[in-house]
Amino acid sequence: AVAMSVSHSSRLNKLVREQYMRLPQDGRVQVTYVWIDGSGEGVRCKSRTLDKEPKSIEDVPEWNFDGSSTAQAEGSNSDMFLVPVCMFRDPFCLDPNKLVLCEVLKYNRKPAETNLRHTCKKVMDLVKDSHPWFGMEQEYTLLGINGHPYGWPDNGFPGPQGPYYCGVGADKVYGRDIVESHYKACLYAGVKICGTNAEVMPSQWEFQVGPCEGIEMGDHLWMARFILHRVCEDFGVVATLDPKPMTGNWNGAGCHTNYSTEEMRREGGLKHIEAAIEKLSKRHDYHICVYDPRGGRDNSRRLTGHHETSNIFEFSAGVANRGASIRIPRQVGQDGYGYFEDRRPAANCDPYAVTEAIMRTTVLNETGVETKDYAEH
């Protein structure tokens, strides 16, 4: 029965594939274009051949795709533009091949509805002198192809939470091969992955990306997600970013976001941290709205005040408190400078939306639920 919870294609003969993968490419290069689809959560990709290796993003041409098949356009006017924005090495096809993250523009070259990078980039350009650093902790859950958490008993549940977090041993962790393959693939690609661990719920894991400055945070997290889905495909299992994949007494999945500006990182920075938290406390509803793709509905299943979460309806902050909206790490409280952690973003949040919202509130001093439109520079 265990064998059946992985996909059919994962059981194709990988040694046969290896023979073809070793064939030389005669100087030509495969470039895989990656973009975010109309769900705001899914990633899509397609590949093309370039005659020589692109040395920078400027060497990668724009391309297009059928937006009516990705919930991004209607069939009568369906061409969408893919505008390359960030290039990585390809850990699946290996050098000199590339993975290229793209922004999606509509036929009139306005950003697609789920292209949240466009405004994020504008905001990050405005605040660049404050040198915002981010680190995001991406939690996810491994599912069998049957939609049941990978490695869980077919009809029933594993023992209660406790032994699984950062666990070791076949009875405590499920799917480490996937996690380690993903880690290596991200390092090869040039994604700023900085760690990984098994999470509180069995078959739930986390990886961390950062520190990244400005727009780079969203770029690197989205590429890390793409690589995760691709690695899982090879192993025949599914990675879900659902914020509460299992109802009941199981932890949900978040994307805790660590943040600092240059002044927070300097001696005496704690007062700047506290000032930022004060601003965030007055804009809780706006942040909840942008911290998952469904305006807070996904997060309402997770932010219950139980299972190491704050309550979605209340803003709270504290030192070393994992039940608060905002946690100041104990070390930061002692040192008097550093960073803080926003624990509210859901696992399936768009990192562009999250980092943009934090900058709008803490650096651009926006208030209320409306966002300000900043003119082009």
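Residues numbered from 1 in each chain as written. Predicted model: local features only at pLDDT ≥ 70, side-chain atom pairs only at ≥ 80, totals over all residues. Heavy atoms only, no water.

If you check an unreviewed UniProt entry, the chain appears there as Glutamine synthetase from Leucopsar rothschildi. What the UniProt record of the chain gives under Sequence similarities (unreviewed entry) is the line "Belongs to the glutamine synthetase family." Word for word, the UniProt comment on the chain under Catalytic activity (unreviewed entry) is "L-glutamate + NH4(+) + ATP = L-glutamine + ADP + phosphate + H(+)". (UniProt positions renumbered as here; feature names shortened; annotations may be inferred.)

A. Region of interest: the overall build of the chain. Along the chain, the regular secondary structure elements total ten helices and 13 strands. Its C-alpha atoms give the chain a radius of gyration of 21 Å, within 12% of the compact-globule value 21 Å for 377 residues. Its C-alpha atoms give the chain principal-axis dimensions of about 60 × 55 × 40 Å. The buried share of the chain, reckoned over its 377 residues, is 51%. Here the analysis covers contacts within the chain between residues at least 6 apart in sequence; of these, 67% occur between residues at least 24 apart. Counting only carbon and sulfur atoms, one obtains 52% of the accessible surface of the chain, whose full area is about 17,600 Å². Treating the 43 positive side-chain charges of the chain as one cloud and the 51 negative ones as another, the clouds have centres 1 Å apart. (Helix = DSSP H or I, 4+ residues; strand = E, 2+ residues; numbered from the N terminus. Rg over C-alpha atoms; globule rule 2.2 N^0.38 Å. Buried < 20%, exposed > 50% of the residue type's maximum accessible area, 1.4 Å probe, protein only. Contact = heavy atoms within 4.5 Å. Areas by Shrake-Rupley, 256 points an atom, 1.4 Å probe, with all protein chains shown as cover. Lys, Arg positive; Asp, Glu negative; His and termini not counted. Charge placed at Lys NZ, Arg CZ, Asp CG, Glu CD.)

B. A look at the packing of helix 3 (residues 176-189) against helix 4 (residues 216-235). Look at helix 3 against helix 4: their axes get within 9 Å of each other, and the N-to-C directions meet at 135 degrees. When the interaxial angle is binned, helix 3 and helix 4 end up oblique. Crossing hand, helix 3 versus helix 4: right-handed. Of the residues in helix 4, those in contact with Asp177, Ile178, Ser181, His182, Ala185, Cys186 and Ala189 of helix 3 are Ala224, Ile227, Leu228, Val231, Cys232 and Phe235. Among the residues forming the contact of helix 3 with helix 4, the class breakdown is ten nonpolar, two polar and one charged. (Axes fitted to C-alpha atoms, helices over the stretch in contact; angles between N-to-C directions. Parallel < 35°, antiparallel > 145°, perpendicular 65-115°, else oblique. Left-handed = near helix turned anticlockwise from the far one by under 90°. Nonpolar A, V, L, I, M, F, W, Y, C, P; charged D, E, K, R; others polar.)

C. Examining the sheet that holds strand 4 (residues 79-89) more closely. The strand order 2-1-5-4-3 describes an open sheet built from five strands, whose pairing is mixed. Of all the strands in the sheet, just strand 2 (43-50) and strand 3 (63-66) have a single pairing partner and so form its edges. With strand direction ignored, the average angle separating the axes of adjacent strands in the sheet is 40 degrees. Bridge analysis of strand 3 against strand 4 gives four bridges, and the strand direction is antiparallel. The partner of phenylalanine 65 across the bridge, within strand 4, is methionine 80. (Pairing = 2+ DSSP bridges.)

D. Molecular detail of the UniProt feature "domain: GS beta-grasp" (unreviewed entry) in the chain. The positions UniProt marks with the feature "domain: GS beta-grasp" (unreviewed entry) are residues 29-109. For the annotated span residues 29-109, helix accounts for 0% and strand for 48% of the residues, and the straight-line distance between the end C-alpha atoms is 28 Å.

E. Main features of the packing of helix 4 against helix 10 (residues 351-362). Packing of helix 4 against helix 10 brings their axes to within 8 Å, and their N-to-C directions diverge by 155 degrees. Of the possible angle classes, the one that applies to helix 4 and helix 10 is roughly antiparallel. Note on packing geometry: the crossing formed by helix 4 with helix 10 is right-handed. Two secondary-structure elements touch here, helix 4 through Met217, Gly218, Asp219, Leu221, Trp222 and Arg225 and helix 10 through Pro351, Tyr352 and Thr355. The residue makeup of the contact of helix 4 with helix 10, split by class, is five nonpolar, two polar and two charged.

F. Broad picture of the environment of leucine 228. For leucine 228, the position within the fold is in helix 4. For leucine 228 and proline 245, which are 17 residues apart along the polypeptide, the C-alpha to C-alpha distance reads 17 Å. Setting aside its immediate chain neighbours within four residues, leucine 228 contacts Tyr140, His182, Phe207 and Ala239.

G. Inspection of the layout of surface pockets at higher detail. In this structure, the largest pocket occupies an estimated 600 Å³ of space. Lining the largest pocket are 36 residues, with Glu137, Glu206, Asn258, Arg327 and Glu341 sitting closest to its centre. Looking at the lining of the largest pocket, the elements that each hand over two or more residues are strand 6 (133-143), strand 7 (193-198), strand 8 (204-213) and strand 10 (255-260). The volume enclosed by the second largest pocket comes to roughly 310 Å³. Lining the second largest pocket we find 13 residues, and of these Leu116, Thr119, Glu356, Arg360 and Thr371 sit closest to its centre. Listed by contribution, the elements that provide at least two residues to the lining of the second largest pocket are helix 2 (117-126), helix 7 (284-290) and helix 10. Counting residues per element, the lining of the second largest pocket draws most heavily on helix 10, which supplies four residues. When the residues that make up the lining of the second largest pocket are grouped by side-chain class, the tally is five nonpolar, three polar and five charged. (1 Å grid on protein atoms, 1.4 Å probe; cavity = no way out; pocket = protein on both sides within 12 Å on 5 of 7 lines; lining within 4 Å. Points joined across faces, edges and corners; volume = space filled by probe spheres on them.)

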